[in-house]
Amino acid sequence: MSTTSPPLSLPPIGLGTFKTSTTSSIYHAVKSGYRLIDCAAAYSNQEAVGDALQQLFEDGVVTRDDIFVVSKLPNTQHVWTEGVDEGRVESSLKDTLKELKLDKLDLFLMHWPFAFEDVNLHYPSARLSDGSPNPSVSMKCEYKSTWDAMVRFRDLGLCNQIGVSNFTIEQMEDLKSHSAVTPFCNQFEYHPYCTNDSLRKYCVDSGIKVMAYSPLGSGSSSYPPISGCSLLDNSVIKRIATANSRSAAQTLINWSTASDENVVPVVKSENEGRIVENMAALGWELSRDAVENISDLNENYRFFKSYGGVNGGWHDGVLEARGE
């Protein structure tokens, strides 16, 4: 298994692996210049990612020190009962390292601020067909004891940095009051239909890195009520893309960093042409007017529903954030 050197800085763009089924796309992405690979135990494909990484190392395309590898702790492996099952976190992290064929992660994230009681719960069972939370699943808002366990494993050298994903401002503040260790990063949904301005600004002002998932929106058939279409088909995006001789996808990726240089977009594709195209989204600038016009598309519309909140909505509010 490969070892790591001192921590890498966060690369400017990442490759998402959600629903990725082939090692070839990961291999091609890294060969094309991607240096951040975003994984998760819940994606059930980390062995394929590990195979691709090992092939890249063996072929001399990159070394382990060149690649920033991220993975996430699933809801089923949170601490459910304090003082009883802290071993869940350790077991999950070690399984992830084994699947990825690595000795250490660059960044280990808590995927959601919620815990499932059943460690054997199959991830799709946690949601209904419309993506809303499954009411039959035993779950609760929990992250403090789990965070403490993550801190210990960081200190033991199993990961260089630790962070969170899908956390609200209230939950970040609650975690800050609980622990002296500040999350390195918060990864959350971020695109022109859901700009998450307050959360993004809070993270940046707090020195917390922002990783943006779904910067191109989603291929879902459900769209925000005003725009009524996907981001890639939005007339504003297409007009600005044409004016800059860029694709709609490149324009959206560029917007995510132009709107805030602290944002690192995580882009997913298994198509080799689009992988290269997406990588070329940086290195040029949208005009201020273009950035503002794209930002004006915001409808606070999330493609990915939270496990908490009223009627499956996002998990807002101090009481819910603290699990009270």
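About the criteria used
Residues numbered from 1 in each chain as written. Predicted model: local features only at pLDDT ≥ 70, side-chain atom pairs only at ≥ 80, totals over all residues. Heavy atoms only, no water. Phe/Tyr/Trp six-rings, centres within 6.5 Å; stacked < 30°, edge-to-face > 60°. Buried < 20%, exposed > 50% of the residue type's maximum accessible area, 1.4 Å probe, protein only. Lys NZ or Arg CZ within 6 Å of the ring centre and 35° of its normal. pLDDT = per-residue confidence, 0-100. Contact = heavy atoms within 4.5 Å. UniProt positions renumbered as here; feature names shortened; annotations may be inferred. Helix = DSSP H or I, 4+ residues; strand = E, 2+ residues; numbered from the N terminus. Arc of directions from axis to C-beta. Salt bridge = Lys/Arg side-chain N within 4 Å of Asp/Glu carboxyl O. Pairing = 2+ DSSP bridges.

- In the nomenclature of an unreviewed UniProt entry, the protein chain corresponds to NADP-dependent oxidoreductase domain-containing protein from the organism Triparma verrucosa.

## What about the packing of aromatic side chains?
Okay, step 1: Following the criterion strictly, the structure yields six aromatic pairs and no others.
Okay, step 2: Between Tyr-301 and Phe-303, the ring centres sit 5.2 Å apart and the planes meet at 85 degrees, which makes this aromatic pair edge-to-face. There is no split in this pair, since Tyr-301 and Phe-303 are both buried.
Okay, step 3: We note Lys-140 situated over the ring of Trp-80; from NZ or CZ to the ring centre the distance is 4.5 Å.

## Examining the confidence of the model for the protein chain
Should pLDDT be low for a region, the predicted coordinates there are not to be read in detail.
Okay, step 1: Averaged over all residues, the pLDDT of the protein chain is 89; the fraction at 70 or higher stands at 91%.
Okay, step 2: pLDDT under 50 marks residues 309–314. Its contacts with residues more than four places away, or in other chains, come to 17 contacts.
Okay, step 3: Note on residues 316–324: pLDDT under 50 across the span, and 17 contacts to partners over four residues away in sequence or across chains.

## Topic: the UniProt feature "binding site: substrate" (unreviewed entry) in the protein chain
Okay, step 1: Mapped onto this numbering, the UniProt entry annotates "binding site: substrate" (unreviewed entry) at His-111.
Okay, step 2: Here His-111 lies in the loop between β4 (105–110) and β5 (114–116).
Okay, step 3: His-111 sits in the buried class, given a relative accessible area of 8%.

## Focus: helix α7 (residues 235–243)
Okay, step 1: Buried within α7 we find Val-236, Ile-237, Ile-240 and Ala-241. In an axial view of α7, the angular spread of the buried residues amounts to 130 degrees, which keeps them on one side of the axis. When the buried face of α7 is taken as reference, the exposed residues oriented beyond 90 degrees from it are Ser-235, Thr-242 and Ala-243.
Okay, step 2: Check the buried side of α7 and you find it contacts α8 (248–258) and α10 (288–295).

## Thoughts on the pattern of salt bridges
Between side chains of opposite charge, a pair can form as their charged atoms come close.
Okay, step 1: The full count for this structure, using the stated rule, is ten salt bridges.
Okay, step 2: Residues Asp-197 and Arg-200 are paired through a salt bridge, measuring 3.0 Å at the closest nitrogen-oxygen approach. Note that Asp-197 and Arg-200 are positioned in helix α6 (residues 197–205) at a spacing of three residues, about one turn of the helix.
Okay, step 3: With its nearest N and O atoms 2.7 Å apart, the salt bridge here joins Arg-200 to Asp-260. With Arg-200 in helix α6 and Asp-260 in the loop between α8 and β10 (263–267), this pair connects stretches of sequence that are 60 residues apart. Asp-260 matches Arg-200 in its accessibility class, with the two residues each being buried.
Okay, step 4: Taken together, the shared-partner salt bridges connect Asp-197, Arg-200 and Asp-260 into one network.

## Some points on the side chain of Gln-77
Okay, step 1: If you trace the backbone, Gln-77 turns up in the loop between β3 (68–73) and α3 (87–100).
Okay, step 2: Apart from residues lying up to four places away in sequence, Gln-77 is in contact with Arg-88, Val-89, Ser-92 and Val-119.

## A look at the pairing of β10
Okay, step 1: Extensive coverage of β10 is indicated by the burial of five of its five residues.
Okay, step 2: Judged by which residues are buried, β10 turns out to be covered on both faces: Val-263, Pro-265 and Val-267 on one side and Val-264 and Val-266 on the other are all buried.
Okay, step 3: When strand β1 (residues 14–16) meets β10, the two strands line up parallel, connected through two bridges. Within β10, the position partnered with Leu-15 by the bridge is Val-267.
Okay, step 4: Bridging between strand β9 (residues 209–213) and β10 involves four bridges; their strand directions are parallel. Bridge pairing in β10 places Met-211 opposite Val-264.

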